[in-house]
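# Coordinate analysis (summary)
Here's the letter readout for the chains.
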Amino acid sequence: MSLRRLAVSSFALIGLAVAGPVTTGSSPGSSLFGGAALAQTAPPPAAVQASAAPGTATSPPSPIAGCPMLVASGNPQYPPYLWRDPTDEQKLVGANADLMQWLAVEIGIPIETRYVGPWGRVQEEMRAGRIDLIAGAFFTLPRTEYMDYFHPAFRETRSVIWTRTAAPVAYKRWSDLAPKQGVTVINNSFGVEFDNYARQSLKISQVASIEQAILMLQRGRADYLIYEDTPAEAYAARNGGPAIQPLMPAIAREGLYLTLAHRSRCNTPELRGRIARAVYKLSQDRVMARFVDQGFVLWRKQPSL
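Structural notes, computed from the coordinates. (Residues numbered from 1 in each chain as written. Predicted model: local features only at pLDDT ≥ 70, side-chain atom pairs only at ≥ 80, totals over all residues. Heavy atoms only, no water.)

## Details of the overall build of the protein chain
The condition is simple: The helix count covers DSSP runs of H or I at least four residues long, the strand count covers runs of E at least two residues long, and both are numbered beginning at the N terminus. Here the term buried applies to any residue with accessible area under 20% of the maximum for its type, exposed to any over 50%, and partly exposed to those in between, with areas from a 1.4 Å probe on protein chains only. In this description, accessible areas are obtained by the Shrake-Rupley approach with a 1.4 Å probe, and a residue is regarded as covered only by the protein chains that are shown.
Scanning the protein chain from terminus to terminus reveals nine helices and eleven strands. Counting over 305 residues, the protein chain shows a buried share of 53%. Approximately 13,200 Å² of the protein chain is accessible, and the part contributed by carbon and sulfur atoms is 54%.

## Brief notes about the packing of helix H3 (residues 95-107) against helix H8 (residues 269-285)
The cut-off we apply is this: Between N-to-C directions, angles span 0 to 180 degrees; the directions come from axes that are lines fitted to C-alpha atoms, helices contributing only their stretch in contact. Should an angle lie under 35 degrees it is considered roughly parallel, over 145 roughly antiparallel, and from 65 to 115 roughly perpendicular; all remaining angles are considered oblique. A clockwise turn of the near helix away from the far one marks a right-handed crossing, whereas an anticlockwise turn of less than a right angle marks a left-handed crossing. The contact rule is simple, with two residues in contact once any of their heavy atoms fall within 4.5 Å. As a working rule, the residues Ala, Val, Leu, Ile, Met, Phe, Trp, Tyr, Cys and Pro are called nonpolar, Asp, Glu, Lys and Arg charged, and the rest polar, with Gly in that last group.
Axis separation between H3 and H8 bottoms out at 10 Å; the angle between their running directions is 120 degrees. Comparing their axes, H8 and H3 come out oblique. In the crossing of H3 with H8, the sense of the turn from one axis to the other is right-handed. Facing Leu99, Trp102, Leu103, Glu106 and Ile107 of H3, the residues of H8 in contact are Leu271, Arg274, Ile275, Ala278, Lys281 and Leu282. Tallied by class, the residues present in the contact of H3 with H8 amount to eight nonpolar, no polar and three charged.

## Here's the deal with unusual backbone geometry
The amide bond that connects Pro79 to the next residue, Pro80, takes the cis arrangement and shows omega of 5 degrees. You can see Pro80 is positioned in the loop between strand S2 (77-78) and strand S3 (82-85). Of the consecutive residues Met248 and Pro249, the connecting peptide bond is found in the cis state with omega at 10 degrees. If you trace the backbone, Pro249 turns up in strand S11 (residues 244-261).

## With respect to the sheet that holds strand S1 (residues 70-73)
Where we set the bar: We treat two strands as partners when DSSP finds at least two bridges between them.
Spatial ordering of the open sheet is given by S5-S1-S6-S11-S7-S10-S8-S9, a layout of eight strands whose pairing is mixed. Looking at strand neighbours, the two that pair on one side only are strand S5 (111-113) and strand S9 (203-207), the edges of this open sheet. Shown here is a sheet whose adjacent strand axes are inclined to one another by a mean of 25 degrees, direction ignored. Across two bridges, strand S8 (residues 181-185) lies against strand S10 (residues 224-228) in parallel orientation. Pairing of Gly182 across the sheet is with Tyr224, part of S10.

## Quick word on the pairing of S3
Taken together, the two bridges between S2 and S3 define a ladder with antiparallel strand orientation. Its bridge partner being in S3, Gln77 is matched across the sheet by Trp83. The antiparallel hairpin formed by S2 and S3 contains three residues in its connecting segment. The pairing of S3 with strand S4 (residues 88-93) spans three bridges and is antiparallel. Residue pairing in the sheet places Asp85 in a bridge with Asp88 of S4.

## A few points about the sheet that holds S2
Taking strand neighbours across the sheet as the criterion, the three strands line up as S2-S3-S4 in an open arrangement whose pairing is antiparallel. Two strands close off the open sheet at either side, each with one partner strand: S2 and S4.

## Looking at H8
Keep this limit in mind: To estimate the expected span of a helix, subtract one from its residue number and multiply by 1.5 Å.
Between the first and last C-alpha of H8 there are 24 Å, a value that for 17 residues agrees with the 24 Å anticipated at 1.5 Å per step. For H8, the full list of buried residues reads Leu271, Arg272, Gly273, Arg274, Ile275, Ala276, Ala278, Val279, Lys281, Leu282 and Ser283. Phi turns positive one or two residues past the end of H8, at Arg286, with a value near 55 degrees.

Take it as geometry only, folks, not as evidence of what the structure does.
Rendered as structure tokens:
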């Protein structure tokens, strides 16, 4: 992707985001080292319908030629934001799935939030244009080669160091981690600065899932885990085993963005404009916090796969 197009399709949208900061929370990213099914036609949940600001009712946006629906995906191991629905393993549920249904109403195009594989596979599908949207990605320069970012970020996240409560790592700065063995999930990113430092100075294994990473930490096969605080806490509560705890300061605070594939058949100036306006409205109406609360409730109620 050319820098000129990046400026037009991504960062030019920052001009819409003068309204202020995004609410804080938790969320994924690029490598630390480095189709369509039927649309869901059911009306969005009441909580999504209620997200529109009072007094802003308008006629639905007109269809966009050649874009009957959009397919979204994301990190499927990311509660309370996204995870596989135990009752339908091809579907993702959670706060970001609710956000996609809200977005579908705003832009007038149905969106299916689909499970397409682990986080690494999601990025491959996005690069190939086999999915249209990623419902939550950190900003990294390599990703701008195959997808457009919409500003502002719809959520701010915090990535932290996790250790066993019974054997905590003495941690105040990144260099404290150098003599220790770390673990994280493959294809995760924790910001450009930390990713570069980790690649050069730290010993970090990458595994396929956060459950596996937590087990390695609990069993002493790693001294620390790097992951976002809220999803790791959610998984640790389900896994049982020795207690783990987060350490401060956080290694990164990153914005979580909605992105659109360059190779999506729907990637047109008209669609980008509709999404940009919707994302700006989202930051003004502050509805994402409600979706996250709903995600926590649903995660606690549902059994694991």
